[in-house]
Structures are given as C-alpha cells and as structure tokens.
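# Architecture at a glance
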Amino acid sequence: MRSFSDRDKEVIWHPFTHLKNAASPVHIVKGEGVYLQDDKGNRYIDAFSSWWVNLHGHANKYIADKIHEQTLQLEQVAFSNFTHTPAVTLAERLLSHLPGNQRKIFYSDNGSTSVEVAIKMALQYHHNKGQKKTKIIALENGYHGDTFGGMSVAARNVFNKAFEPLLFDVTYIPVPIKGKEKEALQKLETALKQNDICAFVFEPLVQGAGGMVMYEPAALNAMLELCQKYNCIAIADEVMTGFGRTGKFFATDYVSSKPDIICMSKGITGGFMPLGATSCTQQIYDAFVSDDKNNTFYHGHSYTGNPLACAAANASLDLLEKPETQKQIEFISVFFRAMHKKLANHPTLLDCRHTGTILALELKTKEGTSYLNPLSERVTAFYMQHGIIVRPLGNILYFIPPYCITETELKKIETVTGELLKTL
C-alpha cells in the first residue's frame, strides 16, 4: 500500500518548496486551539499561525458554527449586481475599525489580490482624472504577494527573479529603520517631487516576508505627511500587520497621518476562508463615478464578496472585539517584550526585534542573511522535534502565534528557543 506521503508527491505541487530535495510533508489530520496534530498522533504548537492567518486557534467552534449557518442560508452569489447581508455587515464593521478617512471596501480573494486592487485603483484614479502619473514608490526589501502588480512593487529577489524583465519599474527608498530615517525621508521627498508619481506602497511598521524588518511609527508618520504634502496616494499593505498583530487593531493606528488605501487579508477570517479586502477614501472612489463607462473599475473575481468568507470574517471580528481577546493580545505582547529584552544581546544573534505579538530573531550564520539560508531547514527540524512549528525566513526566526496561546505554551517556545541558541 502506498503511503500518504507518496500519494501526496504523486499529485500535489506545494508552494514555496524546493521540489528536488523537499522532505515529505507532515500529514496534519486535526487542529485544535494552538495545536496541529499529525497522522501519528504528534501535536505541535502552531507558532506561526499557519502563515499568519490563524487568529483564534484552529477549528474554532464559534467561527465554524457561523460558517455552517451561512451555508444553509446562502453560499454564493455574483457580487457585481447583487449584494448580501454578510458582505455589507462586514464592510460596515471594517470601516468602524479603519481610519476615519476610509469610506469604501472592495473585496477580493487574498492578500496579493488586495494589493493588486490597490495598485490598479491608484493607477486608474489618475487615469480617470486625465493625469499622467504612473510611477510608484515602494520601500526596499518589501513583499506584497505573487501577482504581477504585487511582485512589481516588491523587492527584486528570489521570490520574483524569474519574472524581473516583465515587472514594471518602481522607485525604491530605504526602509526607515533606526539610523536610516533621515535618508529614507530625503529620498522619498526627492521622488515625490517628480510629476509622474502615482502612489507610495509600504508595509506599516513590520515588513513580513522580507525578514520581519521593523521601524518606528514616527518615521512612518513623517513619510505619510510627505505623501499628503505632495498629493501622493499612500497604500498601506496591512495584510500581515492587521487585526491586532502589532498590538493595535491596525498598524496604522500608531500614526496620526493616515493612508489613502489599505490592503487586508491573512487574519481577516481567523484562518478559516480565503478573503481579501481593500479600503479607500471617498475621493478615490469618486474618481470612478462617471457618465463615461470607460472610467469603471473593471476588476473582480468569481468569489468576490463570498458570503461564507464574509460570515467567517464577521465571526472572527466578534471574537477579536471581545475584551478577553484584547487582553490576550496584550499578554502576548508583554511576554514577547520580556523575551526580547532577555535575548537582545545574545551572542548568537545579529538582532532581536519585537512589535506587538511578533518576535523576530536574526541568527548569526556563516552563510549570511538570505531567504535561501540553509539554517532555516535545521531550525525548522529542531523545533518540530520539540513539538513546535516555525517557518524561518532564511536565518530570521520569528514567532507570531494565535491569540489563544497560553503562558505555558509561550514558555515552552522560550525554553526551546534557549536550547536552540545553545547549538548555534
């Protein structure tokens, strides 16, 4: 009889996987709370929230029940000339948490498409107004998904190297990390003074796939003020940072100046259903309201505004808005702050970074800092042996757990991390 692993290899192409030397994937058969269980009965703490999507724990009964209720009411309807309660309710609720300048929600399917929508909104906004502004500014080291627009505004690296000749040109400025704030602001203003600038795209406070690079709210606020000064559309990619990950509901809650467009996904449904959302200001929306049908935003997906996904997102918001969840977010943030303080000067670390419920450790390695660093495979295996799932970004080890994690489970992560550092 063929093993399940052999069956998988025969028919499945897994994402972000070095196919030639890939280890057999672990067969997960059950999720419960912060744990995932394999077919051999082993349980693992999901310390990276299954690619940052799981907020409230696996197989959360409340969200599952709400999805089930919706399946018996309405599972799908074309969203171009129809609407439904879960979508409208979710949009109202999202806008109540988003900055006050946000007025409209456009639904899509994932984080990459939410960014794609934002880029197209910004480009067509200027097109509809008869302005030849097509240049986009982005932060170095960024990652914004795998669709062509998302790849174009991201750093040129291993994620998109094969497609580089086909990506549109972007002006990059330094990430305003400590010591580089002034340089970043100067280069941003220099770029903004050009007459062809359409938008500025950024991950607020934390760059995810680029290595959990973090910078301060003051620097972000200064960049947004420059965008306002030069009438540049600011696009915040909150796909990873949204829904409490940085300690506040959105990372842009830390700044007084607000972006014009905000991209959301990842934790929006608590990890249950694919869903993306892009919000925008009334000014941007109004540029598409015209007697000229050429000014219509001709963008959409078959599952845009899917009722089941919207029901899952509404249920996730129910849980996220509870005082108990907010206390858990603060608890995780405090724990990681203390862990960060303990590890800040550890001899095996190049750096230790912390924002909200995210803790990142930059491990020293002779192979250098790279997503392809083989240390990631060794670190992943070490944690798996100790019942913890992590997915390092090369030599960047990070933790971003579900909010239901307990102190005992966090202490286990801390203990195993200490044991790992002794081996380096």
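Notes on the structure in this doc start here. Bear in mind that the values here come from a model prediction, so they are computed numbers and not experimental data. (Residues numbered from 1 in each chain as written. Predicted model: local features only at pLDDT ≥ 70, side-chain atom pairs only at ≥ 80, totals over all residues. Heavy atoms only, no water.)

## Quick look at a nonpolar patch on the surface
Taken together, the side chains of Phe148, Phe163 and Leu166 make up a nonpolar region of the molecular surface, amounting to roughly 310 Å² of accessible area. Its place among the elements puts Leu166 in the loop between α6 (148–152) and β6 (170–173). (Patch = residues over 30% accessible without salt bridge, like charges linked within 9 Å, V, L, I, M, F, W, Y side chains within 5 Å. Areas by Shrake-Rupley, 256 points an atom, 1.4 Å probe, with all protein chains shown as cover. Salt bridge = Lys/Arg side-chain N within 4 Å of Asp/Glu carboxyl O. Helix = DSSP H or I, 4+ residues; strand = E, 2+ residues; numbered from the N terminus.)

## Quick word on the sheet that holds strand β4 (residues 102–108)
With mixed pairing, the 7 strands of this open sheet are ordered in space as β4-β12-β11-β10-β7-β5-β6. Two strands in the sheet have a free side with no partner beyond their single neighbour: β4 and β6. Adjacent strand axes in the sheet meet at a mean angle of 20 degrees, parallel and antiparallel pairs treated alike. (Pairing = 2+ DSSP bridges. Axes fitted to C-alpha atoms, helices over the stretch in contact; angles between N-to-C directions.)

## Side note on the sheet that holds strand β3 (residues 43–46)
Strand pairing within a sheet occurs via backbone hydrogen bonds; the two strands may be parallel or antiparallel. The mixed open sheet is built from 4 strands, whose spatial order is β1-β2-β3-β15. Of all the strands in the sheet, the pair left with one neighbour each is β1 (28–32) and β15 (388–389). Direction of pairing for β1 relative to strand β2 (residues 35–38): antiparallel, over a ladder of 4 bridges. Residue pairing for β2: Glu32 is matched across the bridge by Tyr35.

## Let's talk about the pattern of salt bridges
Using the criterion set out here, one finds 13 salt bridges in the structure. In this structure, Arg353 engages Glu362 in a salt bridge whose closest nitrogen and oxygen atoms are separated by 2.8 Å. Each of the two residues, Arg353 as well as Glu362, counts as buried. Here the residues in one salt-bridge network are Arg93, Asp318 and Glu321, joined through shared partners. (Buried < 20%, exposed > 50% of the residue type's maximum accessible area, 1.4 Å probe, protein only.)

## Comments concerning the pairing of strand β12 (residues 276–281)
Side chains on a regular strand alternate between the two faces of the sheet. Among the 6 residues of β12, 6 are classified as buried, and the element is accordingly described as predominantly covered. Burial along β12 is two-sided: Gly276, Thr278 and Cys280 and Ala277, Ser279 and Thr281, pointing in opposite directions, are all buried. When β4 meets β12, the two strands line up antiparallel, connected through 6 bridges. Directly across from Tyr107, in β12, lies its bridge partner Ala277. Looking at chain direction, strand β11 (residues 261–264) and β12 are connected through 4 bridges and run antiparallel. When the sheet's bridge partners are listed, Ile262 is paired in β12 with Ser279.

## Notes on unusual backbone geometry
Here the phi dihedral of Phe16 falls at roughly 50 degrees; this positive angle occurs in a residue that is not glycine. Its location among the elements puts Phe16 in the loop between α1 (4–11) and β1. With a relative accessible area of 39%, Phe16 lands in the partly exposed category. If you check the backbone angles, Trp51 has positive phi at about 65 degrees while not being a glycine. With respect to the element layout, Trp51 can be found in helix α2 (residues 49–52).

## Quick word on the side chain of Glu116
In this fold, Glu116 is placed in helix α5 (residues 111–128). Among buried Asp, Glu, Lys and Arg side chains, Glu116 stands out as unpaired, with Lys120 the closest opposite charge at 6.8 Å. Of the polar contacts made by the side chain of Glu116, one reaches the backbone nitrogen of Gly149; its length is 2.9 Å. Apart from the residues lying within four places of it in its own chain, the contact partners of Glu116 are Thr147, Phe148, Gly149 and Gly150. (Lys, Arg positive; Asp, Glu negative; His and termini not counted. Polar contact = N/O pair within 3.5 Å; in protein donor to acceptor, adjacent residues only side chain to side chain. Contact = heavy atoms within 4.5 Å.)

## Structural notes on empty space enclosed by the protein
The gaps of empty space that remain are located by a probe, the size of a water molecule, rolled over the atoms. What the rule picks out here adds up to 1 cavity of 30 Å³ or more. Considered as a void within the structure, the largest cavity measures approximately 30 Å³ in volume. As for the largest cavity, its lining consists of Lys30, Gly31, Glu32, Tyr35, Leu36, Gln37 and Arg43. Of all the secondary structure elements, the ones that give two or more residues to the lining of the largest cavity are β1 and β2. For the lining of the largest cavity, the residue count by class is 2 nonpolar, 2 polar and 3 charged. (1 Å grid on protein atoms, 1.4 Å probe; cavity = no way out; pocket = protein on both sides within 12 Å on 5 of 7 lines; lining within 4 Å. Points joined across faces, edges and corners; volume = space filled by probe spheres on them. Nonpolar A, V, L, I, M, F, W, Y, C, P; charged D, E, K, R; others polar.)

## Re the nonpolar core
Residues Leu94, Phe200, Met212, Phe243, Tyr383 and Phe399 are the most contacted members of the largest nonpolar core, which totals 93 residues. Apart from residues no more than four positions distant in its own chain, Tyr383 is found in contact with Ile388, Val390, Leu397, Phe399, Val416, Thr417 and Leu420. Counting residues in each nonpolar core, the second largest holds 24 residues, with Tyr125, Ile235, Cys280 and Phe297 among its members. (Core = buried A, V, L, I, M, F, W, Y, C linked by side-chain atoms within 4.5 Å.)

## A closer look at the layout of surface pockets
Estimates place the volume of the largest pocket at around 2,100 Å³. Taken together, 50 residues make up the lining of the largest pocket; nearest its centre are Pro15, Phe16, Thr17, Ala23 and Arg391. Where the lining of the largest pocket is concerned, the elements lending two or more residues are α1, β2, α2 and α12 (375–385). Looking at which element gives the most residues to the lining of the largest pocket, the answer is α12, with 5 residues. Along the lines of polarity and charge, the residues of the lining of the largest pocket split into 27 nonpolar, 15 polar and 8 charged.

## Some words on the packing of aromatic side chains
Inspection of every chain in the model, using the stated rule, returns 17 aromatic pairs. Measuring from ring centre to ring centre gives 6.4 Å for Phe335 and Phe336, while their planes differ by 70 degrees; the resulting arrangement is edge-to-face. The exposure class assigned to Phe335 is buried, which follows from its relative accessible area of 12%. Three or more aromatic residues joined by ring pairs make a cluster, and in this case those are Phe16, Trp51, Tyr143, Phe159 and Tyr371. Sitting over the face of the ring of Tyr35, Arg43 holds its NZ or CZ atom 4.0 Å from the ring centroid. (Phe/Tyr/Trp six-rings, centres within 6.5 Å; stacked < 30°, edge-to-face > 60°. Lys NZ or Arg CZ within 6 Å of the ring centre and 35° of its normal.)

## Here's the deal with the environment of His14
With respect to the helices, strands and loops of the structure, His14 is situated in the loop between α1 and β1. Taking the C-alpha atoms as reference points, His14 and Pro25, 11 residues apart in sequence, are found 9.1 Å from one another. Other than its neighbours up to four places away in sequence, His14 contacts Asp8, Leu19 and Pro25. Within polar-contact distance, the side chain of His14 engages the side chain of Asp8 at 2.9 Å.

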